[in-house]
Amino acid sequence: MSSTTLASSSQDTVNLPDLVKQITIHYIEFYYNKFAEGFPDRKVPEAELRRFVGEMYETKQVDLKKYIRNSLKDNLGEKYSATATENLLLEMFADANYAKERVVQEILAKRK
């Protein structure tokens, strides 16, 4: 999966946590859409969705971090800060339950 490229006009107005949130949701939705193909009308029951998001955070944590870094580098160019990114990633994965819940809620909201 190649890095996420955000619209150039949003680069000046979106802060780092918002960029990371968008990139993370895009990453998980990519795999979710593949997973959802096995369900009628692509509607994954909420319990299965929660299990799926949890597994994504557990099994693809290294890949997700790499994807976030690469996407930020591509989008921010010279404005990319490795230190700020690493601090944000530490914070994000320190409270994984909160991060997972946010992703679940985003997916649930989008499929309504």
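Check the entry above for the structure.
In every chain, residue numbers begin from 1 and rise along the written sequence. In view of the model being predicted, local features appear only for residues whose pLDDT reaches at least 70, and side-chain atom pairs are presented and counted only at 80 or more, with totals across whole chains, interfaces and linings using the full set of residues. Note: side-chain values were computed over all heavy atoms of the structure, leaving out hydrogens and water.

1. What about unusual backbone geometry?
1) Next: If you check the backbone angles, Asp41 has positive phi at about 55° while not being a glycine.
2) Next: Here Asp41 falls in the exposed class, since its relative accessible area comes to 71%. A simple rule labels every residue: compare its accessible area, found with a 1.4 Å probe on the protein chains alone, to the largest value its type can have, and call it buried under 20%, exposed over 50%, or partly exposed in between.

2. Quick notes on the packing of aromatic side chains
1) Next: In summary, the pairing rule links any two rings of Phe, Tyr or Trp, Trp by its six-membered ring, whose centres are within 6.5 Å, and it sorts them by plane angle into stacked for under 30 degrees, edge-to-face for over 60 and tilted for everything else. A full pass over the atoms with the stated rule returns seven aromatic pairs.
2) Next: An angle of 45° between the planes, with centres 5.0 Å apart, marks the rings of Tyr27 and Tyr67 as tilted. Of this pair, Tyr27 sits in helix 2 (residues 16-36) while Tyr67 sits in helix 4 (residues 61-76); the two residues are 40 residues apart in sequence, bridging distant segments of the chain. Tyr67 matches Tyr27 in its accessibility class, with the two residues each being buried.
3) Next: With a centroid separation of 4.7 Å and 15° between ring planes, the pair formed by Phe35 and Phe52 is classed as stacked. A run of H or I in DSSP becomes a helix once it reaches four residues, and a run of E becomes a strand once it reaches two; helices and strands are each numbered from the N terminus.

3. A word on the layout of surface pockets
1) Next: Within this model, the largest pocket holds a volume of roughly 350 Å³.
2) Next: In the cavity and pocket records, a cavity denotes points on a 1 Å grid over the protein atoms alone where a 1.4 Å probe fits but cannot get out, a pocket denotes an open set with protein on both sides within 12 Å along at least 5 of 7 lines, and lining residues are residues with an atom within 4 Å of a point. Forming the boundary of the largest pocket are 15 residues, of which Lys21, Met92, Tyr98, Ala99 and Arg102 lie nearest the centre.
3) Next: Contributions of two or more residues to the lining of the largest pocket are made by helix 2, helix 5 (82-94) and helix 6 (96-110).
4) Next: With six residues, the single largest contributor to the lining of the largest pocket is helix 2. Grid points are joined across faces, edges and corners, and a volume is the space filled by probe spheres set on the points.

4. Overview of helix 5
1) Next: The terminal C-alpha atoms of helix 5 lie 18 Å apart, and with 13 residues this matches the ideal 18 Å at 1.5 Å per residue to within 8%.
2) Next: Listed in full, the buried residues belonging to helix 5 are Thr85, Leu88, Leu89, Met92 and Phe93. Seen end-on, helix 5 carries its buried residues on one side only, within an arc spanning 120°. Set apart from the buried face of helix 5 by more than 90 degrees, the exposed residues are Thr83, Leu90, Glu91 and Ala94.
3) Next: The inward-facing, buried residues of helix 5 contact helix 2, helix 3 (46-59), helix 4 and helix 6. Multiply 1.5 Å by the residue count of a helix minus one, and that product is the helix's expected span. Arc, as used here, means the arc of the directions from the helix axis to the C-beta atoms. In what follows, a contact means two residues having at least one pair of non-hydrogen atoms within 4.5 Å.

5. A word on the nonpolar core
1) Next: In terms of nonpolar packing, the biggest core is built from 30 residues, with Ile28, Leu49, Val53, Tyr57, Ile68, Leu72 and Met92 touching the most fellow members.
2) Next: For this core, the secondary-structure elements that each account for two or more residues are helix 2, helix 3, helix 4, helix 5 and helix 6.
3) Next: With nine residues, the top contributor of residues to this core is helix 2.
4) Next: What Leu49 contacts, discounting residues up to four positions off in sequence, is Tyr32, Val44, Val104, Ile107 and Leu108. Put simply, buried Ala, Val, Leu, Ile, Met, Phe, Trp, Tyr and Cys residues joined by side-chain atoms within 4.5 Å make one nonpolar core.

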